[in-house]
Amino acid sequence: MDSISTGTMRVIDSHTGGEPTRVVVSGAPDLGGGSIAERARVFRERHATFRRAIANEPRGHDAMVGALLLEPGEPDCACGVIFFNNVDPLQMCIHGTIGLVVTLAHMGCITPGHHRIETPVGVIGADFHGDGRVTVTNVPSWRMTADVAVDVPGHGTIRGDIAWGGNWFFLIDGQGPPVERGRIEELTAFCRAVKQALANARITGEGGAEIDHIEVFAAPGDPSRAESRNFVLCPGNAYDRSPCGTGTSAKLACLHAKGKLRPGEFWRQAGILDTVFTGSFEDLGGGRILPRVTGTAWVTGESVYHLDPTDPFRFGIG
Ligand code: PYC
């Protein structure tokens, strides 16, 4: 049962490298106490209508990522956050964290410096540099399995690595359509087919977790700006307009596992719009790394939304 049926919500919109974040500043449903992970479970089970009201048309669109701004459960955190999109809550989101931090600064809630933020997958760090740039210290990340083969109808055998970067990724290098802005429809269809093939073959992340992000890599458009360009398909079938911070973390874990990047070295990951995140990592041992990802966000607007009981689409379309 959803607790919200009428009322108003205040939101602040931003984008990080082209990917939108909509922070819900007030009007969110009461998710009870406890950790952000517990509140994310309540949000998933009871508040799909609220999620859709914020993320889906007519207020949102398929690429919209929402962020519920919450009181933290953990001490010394600036806030807690639950990210969500058109189909579900997300476990973690780095472009969204960068957008959230710039939004908190816009609201006058934080100043440049280091901040801790509680997410459903753990406490992360965020260094706000004061000029729109934010460095996120992500949760520990690792490559789970290398060179997994999967038969993808219409595309033959596709090989990729499975890695955790705050979400589960299948990382494909040099296969599939060209990673170019003019090929987004083909790339989307390819990644959807790979995701379906992984599910059909019961290829999962740890503990049977669904691999819900598919990431394809190719050479960068401009090698002086980035080491690589990616295309990332998110759950809900929208592609990430940014280079995807959790996907960049998964990539760092794979580069570390292959011995191709050392702790403290930088990896500049371009996305499909050629915006760039810069990543590096600390070696935690046992194949695990602590990724750091830097990107820039801009606030684009502020709105007050109304839930009018006579509006048939007050809870979004879909
Ligand atoms: O930046 O981590 C990210 C992300 C996940 C989904 C969309 N963006």
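Notes on the structure in this doc start here. The residue numbers shown here count from 1 along each chain, following its written sequence. Confidence filtering applies because this is a predicted model: local features only for residues at pLDDT of at least 70, side-chain atom pairs given and counted only at 80 or more, and all residues used for totals across whole chains, interfaces and linings. Note: side-chain values were computed over all heavy atoms of the structure, leaving out hydrogens and water.

**Some points on the pairing of strand β14 (residues 276-285)**
Paired strands, in this sense, are two strands between which DSSP finds at least two bridges. What counts as a helix is a DSSP run of H or I of at least four residues, what counts as a strand is a run of E of at least two, and both are numbered from the N terminus. Relative to β14, strand β13 (residues 267-270) runs antiparallel, the two being bridged by four bridges. The residue bridging Arg268 from the neighbouring strand is Thr278, located in β14. Once β13 ends, the chain turns through five residues before running back antiparallel as β14, passing Asp274 with a positive phi of about 65 degrees. In terms of strand pairing, β14 meets strand β15 (residues 288-307) through seven bridges, oriented antiparallel. Each residue of the ladder has a partner; that of Ser280, found in β15, is Arg292. Connecting the antiparallel pair β14 and β15 is a turn made up of two residues, with Gly286 showing a positive phi of about 60 degrees.

**A few points about the site of the ligand**
Inspection of the region around the ligand gives Glu19, Cys93, Ile94, His95, His213, Cys234, Asp240, Cys244, Gly245 and Thr246 as its neighbouring residues. In protein, a polar contact requires one atom able to donate a hydrogen and another able to accept it; more generally it is a pair of N or O atoms within 3.5 Å, and residues adjacent in sequence count only if both atoms are side-chain atoms. Taking His95, its main chain carries an N or O atom lying 2.8 Å from an oxygen atom of the ligand. In the environment of the ligand, a nitrogen atom lies 2.8 Å from a nitrogen or oxygen atom belonging to the side chain of Asp240. Protein burial of the ligand: of its 250 Å² of free accessible surface, 99% is covered by the chains. Judged by the proximity of its atoms to the pocket grid, the ligand belongs to the largest cavity. Put simply, the parts of the chain that give the shell around the ligand at least two residues each are α3 (94-106) and α5 (245-257). Of the residues assigned to the shell around the ligand, the class counts are four nonpolar, four polar and two charged. Here, proximity means that at least one heavy atom of the residue falls within 4 Å of the molecule or strand. We get accessible surface area from the Shrake-Rupley algorithm with a probe of 1.4 Å; when it comes to residues, only the shown protein chains can shield them. A cavity here means a set of points on a 1 Å grid, drawn over the protein atoms and nothing else, where a 1.4 Å probe fits but cannot get out; a pocket is an open set with protein on both sides within 12 Å along at least five of seven lines, and a residue lines either one if it has an atom within 4 Å of a point. Think of it this way: a molecule belongs to a cavity or pocket when more than half its atoms come within 2 Å of the grid points there. Basically, the charged four are Asp, Glu, Lys and Arg, the nonpolar ten are Ala, Val, Leu, Ile, Met, Phe, Trp, Tyr, Cys and Pro, and anything else, Gly included, counts as polar.

**As for the layout of surface pockets**
Grid points are joined across faces, edges and corners, and a volume is the space filled by probe spheres set on the points. In this structure, the largest pocket spans a volume of roughly 310 Å³. Contributing to the lining of the largest pocket are 17 residues, with Arg44, Asp88, Pro89, Leu90 and Gln91 lying nearest its centre. For the lining of the largest pocket, the residue count by class is nine nonpolar, three polar and five charged. As a volume, the second largest pocket reaches approximately 180 Å³. Lining the second largest pocket are Arg192, Lys195, Gln196, Leu198, Ala199, Arg202, Ile203, Thr204, Glu210 and Ile211. Partitioning the lining of the second largest pocket into residue classes produces four nonpolar, two polar and four charged.

**Digging into the pattern of salt bridges**
Any carboxyl oxygen of Asp or Glu within 4 Å of a side-chain nitrogen of Lys or Arg constitutes a salt bridge here. Summed over the entire model, instances satisfying the criterion amount to 14 salt bridges. Note that Asp13 is salt-bridged to Arg22, the shortest N-O span being 2.8 Å. Partly exposed residues are those whose accessible area sits between 20% and 50% of the maximum for their type, while under 20% is buried and over 50% is exposed, using a 1.4 Å probe and protein chains only. By relative accessible area, which is 14% here, Asp13 ends up buried. Note that Arg229 is salt-bridged to Asp274, the shortest N-O span being 2.9 Å. Separated by 45 residues along the polypeptide, Arg229 in strand β12 (residues 228-233) and Asp274 in the loop between β13 and β14 bring together distant segments of the chain. Each of Arg143, Asp161 and Lys258 takes part in a single network of salt bridges with overlapping partners.

**Describing the nonpolar core**
Within this scheme, the nonpolar core is defined by two criteria: the residues are buried Ala, Val, Leu, Ile, Met, Phe, Trp, Tyr or Cys, and they are joined through side-chain atoms within 4.5 Å. One finds Phe170 and Phe231 to be the most contacted residues of the largest nonpolar core, which totals 55 residues. Sequence-distant contacts of Phe231, that is, excluding residues within four places in its chain, are made with Val179, Ile184, Leu187, Thr188, Cys191, Ile214, Glu215, Val216, Tyr239 and Ile272. In this structure, Ala40, Ala53, Ile54 and Phe84 belong to the second largest nonpolar core, which totals 19 residues. For this analysis, residues touch if any pair of their heavy atoms sits within 4.5 Å.

**Remarks on helix α1 (residues 36-46)**
Every buried residue of α1 is accounted for by Ile36, Arg39, Ala40, Val42 and Phe43. Buried positions in α1, seen along its axis, are confined to an arc of 160 degrees and lie on one side of it. Here the buried face of α1 lies against α2 (48-55), β3 (65-70), β4 (79-84) and β5 (113-119). An arc is given here, and it is the one of the directions from the helix axis to the C-beta atoms.

**Observations concerning the pairing of β5**
As defined by bridge partners, β4 adjoins β5 across two bridges and the pair is classed as parallel. Bridged to Cys79 within β5 is Ile117. A clockwise course of the path from the first strand over the helix to the second, judged with the strands pointing away from the viewer, identifies a crossover as right-handed. Considered for its hand, the β-α-β crossover made up of β4, α3 and β5 is right-handed. Pairing of β5 with strand β6 (residues 122-128) involves seven bridges; the strand directions are antiparallel. Residue pairing across strands places His115 opposite Ala126, the latter belonging to β6. Once β5 ends, the chain turns through two residues before running back antiparallel as β6.

Geometric descriptors of this kind do not, in isolation, establish any biological role.
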